[in-house]
Amino acid sequence: FANHLKTIRFFTEQVDKFPEIARNYLYLMDNLLGDNRTEETKKYLDVYRNLEGHKDYLVPYYEALIATSEHNVTLAEQKIEEIKICYPENEGAMFVIADYYASQCRYDEAIEYYEKCYKMDEKPRYYDSLHGIALIYEIQGNYEKAVNTYDRILENLKEEWNFNEGEPVNVILKEKQRLMELIMRT
């Protein structure tokens, strides 16, 4: 019962109807990989790599994910190294490297690359990298560092997006409060 069949069906239909939209291939491949359907993923990656406007660094990233799903750690690591060498100044590439390391529970490396991504990004920056860092700190049980990272997110929202209130701020404040309560219990 645990599968992505309906989502795969939906994105397969989207790819068939709108073959020029690269993002649909990414969603489809993510869900195929979620079910370890690597052969199908490879076919869609071959199409994606030839689409106009695709992101070059995502090709070796998905090759790394496929290799990981096929338990070929050596190839996966080679593909991640390829991204580091070929796209050292690309914040998106740094983000996917961080995501890869986080998925492997290599948290220090993930934090390093999330930080690189955040520093490289042009202002106003999205805070996805910081959010990844906060989540890792929470996984590690380091709630104080997670709270400090949420403070960085609040600073980002205020300084770069001019959000001092509203839903984006409230969501972060709730997360920060939840973590502060965990700190007080320990």
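For the structure, check the block above.
Presented here is an overview of the structure given in this document. As the structure is a computational prediction, the values presented were derived from the model and not from experiment. (Residues numbered from 1 in each chain as written. Predicted model: local features only at pLDDT ≥ 70, side-chain atom pairs only at ≥ 80, totals over all residues. Heavy atoms only, no water.)

Let us look at the packing of aromatic side chains. Going through the model one piece at a time under the given rule, you end up with nine aromatic pairs. An angle of 40° between the planes, with centres 5.1 Å apart, marks the rings of phenylalanine 11 and tyrosine 27 as tilted. With a gap of 16 residues between them, phenylalanine 11 in helix 1 (residues 5-17) and tyrosine 27 in helix 2 (residues 22-34) connect regions that are remote in the sequence. Look at tyrosine 61 and tyrosine 62: their rings are 5.5 Å apart centre to centre, the planes differ by 80°, and that puts the pair in the edge-to-face class. You can call tyrosine 61 buried: its relative accessible area is 11%. Lying across the ring of tyrosine 118, arginine 125 places its NZ or CZ 3.9 Å from the centre. (Phe/Tyr/Trp six-rings, centres within 6.5 Å; stacked < 30°, edge-to-face > 60°. Helix = DSSP H or I, 4+ residues; strand = E, 2+ residues; numbered from the N terminus. Buried < 20%, exposed > 50% of the residue type's maximum accessible area, 1.4 Å probe, protein only. Lys NZ or Arg CZ within 6 Å of the ring centre and 35° of its normal.)

What follows deals with the side chain of glutamine 14. Residue placement: glutamine 14 occurs in helix 1. In this view, glutamine 14 contacts Pro19 and Asn24; residues no more than four positions away in its chain are not counted. (Contact = heavy atoms within 4.5 Å.)

One recurring pattern in soluble globular proteins is that nonpolar side chains are buried together. Membership of the largest hydrophobic core comes to 53 residues, with the highest contact counts inside it found for Tyr48, Leu58, Tyr62 and Ile83. When sequence neighbours within four positions are dropped, the list of residues in contact with tyrosine 48 reads Ala22, Tyr25, Leu26, Met29, His54, Lys55, Leu58 and Val59. (Core = buried A, V, L, I, M, F, W, Y, C linked by side-chain atoms within 4.5 Å.)

Our focus in this paragraph is the environment of methionine 180. The residue methionine 180 is located in helix 10 (residues 167-185) in this model. On the accessibility criterion, methionine 180 (34% relative accessible area) is partly exposed. Sequence separation between methionine 180 and valine 147 is 33 residues; the distance between their C-alpha atoms is 7.2 Å.

To continue, consider the environment of tyrosine 27. Overall, tyrosine 27 belongs to the partly exposed group, its relative accessible area being 34%. A C-alpha to C-alpha distance of 31 Å links tyrosine 27 and glutamate 155, two positions 128 residues apart in sequence.

The next thing to look at is unusual backbone geometry. Note the cis peptide between lysine 123 and proline 124, where omega equals 0°. Despite not being glycine, asparagine 36 has its phi angle at roughly 60°, a positive value. Position of asparagine 36 among the secondary structure elements: in the loop between helix 2 and helix 3 (38-48). Located in the positive-phi region is cysteine 105, a residue other than glycine, with phi close to 60°. By the element assignment, cysteine 105 lies in the loop between helix 6 (91-103) and helix 7 (107-120).

Evaluated as defined, the whole model comprises 16 salt bridges. Taking the shortest distance from any N to any O, the salt bridge between lysine 42 and glutamate 70 comes out at 3.0 Å. In this pair, lysine 42 is assigned in helix 3 and glutamate 70 in the loop between helix 4 (58-69) and helix 5 (73-86), connecting sequence segments 28 residues apart. Overall, the relative accessible area of 29% leaves lysine 42 in the partly exposed class. Here glutamate 112 makes a salt bridge to lysine 116, at a shortest N to O gap of 3.6 Å. Note that glutamate 112 and lysine 116 are positioned in helix 7 at a spacing of four residues, about one turn of the helix. Exposure remark for glutamate 112: the relative accessible area of 38% places this residue in the partly exposed category. (Salt bridge = Lys/Arg side-chain N within 4 Å of Asp/Glu carboxyl O.)

Glancing now at helix 6. Its 13 residues place the ends of helix 6 18 Å apart at the C-alpha level, agreeing with the 18 Å of an ideal helix rising 1.5 Å per residue. In this structure, the buried side of helix 6 is in contact with helix 4, helix 5 and helix 7. One side-chain oxygen of the residue at the start of helix 6 lies 2.8 Å from the amide nitrogen of glycine 92, identifying that residue as asparagine 90. Just downstream of helix 6, cysteine 105 is the residue with a positive phi angle, here 60°. (Expected span 1.5 Å × (residues − 1). Polar contact = N/O pair within 3.5 Å; in protein donor to acceptor, adjacent residues only side chain to side chain.)

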